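Fold and geometry: a report
Now for the letters of each chain:
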Amino acid sequence: MENNGKETSEERKVSCGDVSKCFQLLESILDGEMGEEGKEVLKEKLDKCQPCFEHFHLEQAIREVLKTKCTKQPVPTQLADSIRQMIHESK
Amino acid sequence: MSDSQRRKYTQEEKNSIFDGEFMPHIDSMYNFAFRLTFDEDDAKDLVQDTYLKAYRFINSFEQGTNAKAWLFRILKNSFINEYRKKSKQPAKVDYQEVETYYNSDDVDFQGTTDLRADSVKDMLGDEISNALNALAVDFRTVIILADLEGFTYEEMAKILDIPIGTVRSRLHRARNLLKDKLRGYAQSMGYKTDEED
């Protein structure tokens, strides 16, 4: 079990003042919507707030598994050809 | 549509846009369609319809803009207008109802704190997929667009015809619902859900 942060967790706030707002902000940062400003906000949150720290890593893990593990459906081999055929006929 | 718009692209240009910018997305399009319909034939029909419409309205596509987002928007509208009605799926919970229910702050947070990042990382692809597929279609859609297809909030707003603020809040709620599902799996599979390290 990784415990990065365990050593420093004592310095972090145990509870977050506004969980709902903070978590939405963290999610926007993870989604790449906050640009450079996001990186600074993120660093501060992760350094100072334990719930934010945990939420961030959970959200990051979920994004990662969604991106890499979701079962992909193979495209039917005839699909591209039949689309081209239908378009050709519609001309 | 005016004559000038209609004549925007030559036949050659149309073919080149279609083959060069539209067809490369067929894989993503089919997977999006399948995750909306859960049916191979419906997904196939939906993708075919989308490409036919894309070709028919190719003059309203601006070259240099995001073809994938443009195609996804057509597919999503086709799904809403045609497939949702005749879907073999049992009626889904009305989205507005779900949104209102999950709008309160306490529901927002409860039940997700004990799910651990490490448990999520250990989960199988099937478990992740099943959790995603169990979400109501509007919530499922935003997660597919954001996390599986990598669209920005702005692109999602255009695809779904909703304001960016709504994209953000719907995604947030969708992720909370997904976490509830994942927590269920974590517990049933004996993954760690408590603070143990």
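Residues numbered from 1 in each chain as written. Chains lettered and ligands numbered in written order. Predicted model: local features only at pLDDT ≥ 70, side-chain atom pairs only at ≥ 80, totals over all residues.

Naming follows an unreviewed UniProt entry, where chain B appears as Sigma-70 family RNA polymerase sigma factor of Algoriphagus formosus. Quoted verbatim from the Sequence similarities (unreviewed entry) heading of the UniProt record, the comment on chain B is "Belongs to the sigma-70 factor family. ECF subfamily." (UniProt positions renumbered as here; feature names shortened; annotations may be inferred.)

Looking at an unreviewed UniProt entry, one finds chain A named Mycothiol system anti-sigma-R factor and attributed to Algoriphagus formosus.

Each helix and strand in chain B was counted, giving twelve helices and zero strands. The order of helices and strands in chain B, counted from the N terminus, is α-α-α-α-α-α-α-α-α-α-α-α. Put simply, chain B has 197 residues, and 36% of those count as buried. In chain B, once contacts between residues fewer than 6 apart in sequence are set aside, the share between residues at least 24 apart is 74%. (Helix = DSSP H or I, 4+ residues; strand = E, 2+ residues; numbered from the N terminus. Buried ≥ 20, exposed ≤ 12 C-beta atoms within 10 Å, placed from the backbone. Contact = placed C-beta atoms within 7 Å.)

Turning our eyes to something else, we now look at the domain arrangement of chain B. Residue and element names in this part refer to chain B. Along its sequence, chain B is organised into domain 1 (3–86) and domain 2 (95–188). Facing nine residues of domain 1, the contacting portion of domain 2 comprises nine residues. Sorting the residues of the side of domain 1 that touches domain 2 by element identifies α3 (26–37) and α5 (67–86) as the ones contributing at least two each. Considered class by class, the residues forming the side of domain 1 that touches domain 2 number four nonpolar, two polar and three charged. (Domains from an automatic or database assignment. Nonpolar A, V, L, I, M, F, W, Y, C, P; charged D, E, K, R; others polar.)

Across soluble globular proteins, nonpolar side chains show a tendency to be buried alongside one another. Ranked by size, the top nonpolar core spans 54 residues in total, and within it Ala33(B), Val142(B), Ile143(B), Met156(B) and Leu178(B) carry the most contacts. Excluding anything up to four places from it in sequence, Leu178(B) contacts Ile62(A), Ala131(B), Leu132(B), Leu135(B) and Ile143(B). (Core = buried A, V, L, I, M, F, W, Y, C linked by C-beta atoms within 7 Å.)

The interface is formed by 38 residues belonging to chain B together with 31 residues belonging to chain A. Mapped by element, the contributors of at least two residues to the side of chain B that touches chain A are α3, α4 (40–56), α7 (105–109), α8 (117–122), α9 (125–133), α10 (137–148) and α12 (164–188) of chain B. The biggest single contributor to the side of chain B that touches chain A is α4(B), with six residues. Along the lines of polarity and charge, the residues of the side of chain B that touches chain A split into 20 nonpolar, five polar and 13 charged.

As a further point, take the environment of Leu36(B). Residues and elements named next belong to chain B. Tracing the chain through its elements places Leu36 in helix α3. With 24 C-beta atoms packed within 10 Å, Leu36 lands in the buried category. Taking the C-alpha atoms as reference points, Leu36 and Phe79, 43 residues apart in sequence, are found 7.9 Å from one another. For Leu36, the contacting residues outside a window of four places in its chain are Phe79 and Val137.

Attention now moves to the confidence of the model for chain B. For chain B, mean pLDDT is 84; residues scoring 70 or higher make up 77% of the total. Interface scoring of the predicted complex returns ipTM 0.81; its pTM is 0.82. (pLDDT = per-residue confidence, 0-100.)

All names here are of chain B. Here α3 contains twelve residues, and its C-alpha end-to-end distance of 16 Å stays within 8% of the 16 Å for a straight helix at 1.5 Å per residue. Buried within α3 we find Met29, Tyr30, Asn31, Phe32, Ala33, Phe34, Arg35, Leu36 and Thr37. Among the residues trailing α3, Phe38 stands out with phi positive, at a value near 55°. (Expected span 1.5 Å × (residues − 1).)

Our next topic: the packing of helix α4 (residues 79–90) of chain A against α4(B). Put simply, α4(A) and α4(B) touch, their axes get as near as 10 Å, and they point 40° apart. Taken together, the axes of α4(A) and α4(B) are oblique relative to one another. Here α4(A) and α4(B) pass one another in a crossing that is right-handed. Listed contacts from α4(B) to Leu79(A), Ser82(A), Ile83(A), Met86(A), Ile87(A) and Ser90(A) of α4(A) are Lys44(B), Val47(B), Gln48(B), Tyr51(B), Leu52(B) and Tyr55(B). Classifying every residue of the contact of α4(A) with α4(B) by side-chain character gives eight nonpolar, three polar and one charged. (Axes fitted to C-alpha atoms, helices over the stretch in contact; angles between N-to-C directions. Parallel < 35°, antiparallel > 145°, perpendicular 65-115°, else oblique. Left-handed = near helix turned anticlockwise from the far one by under 90°.)

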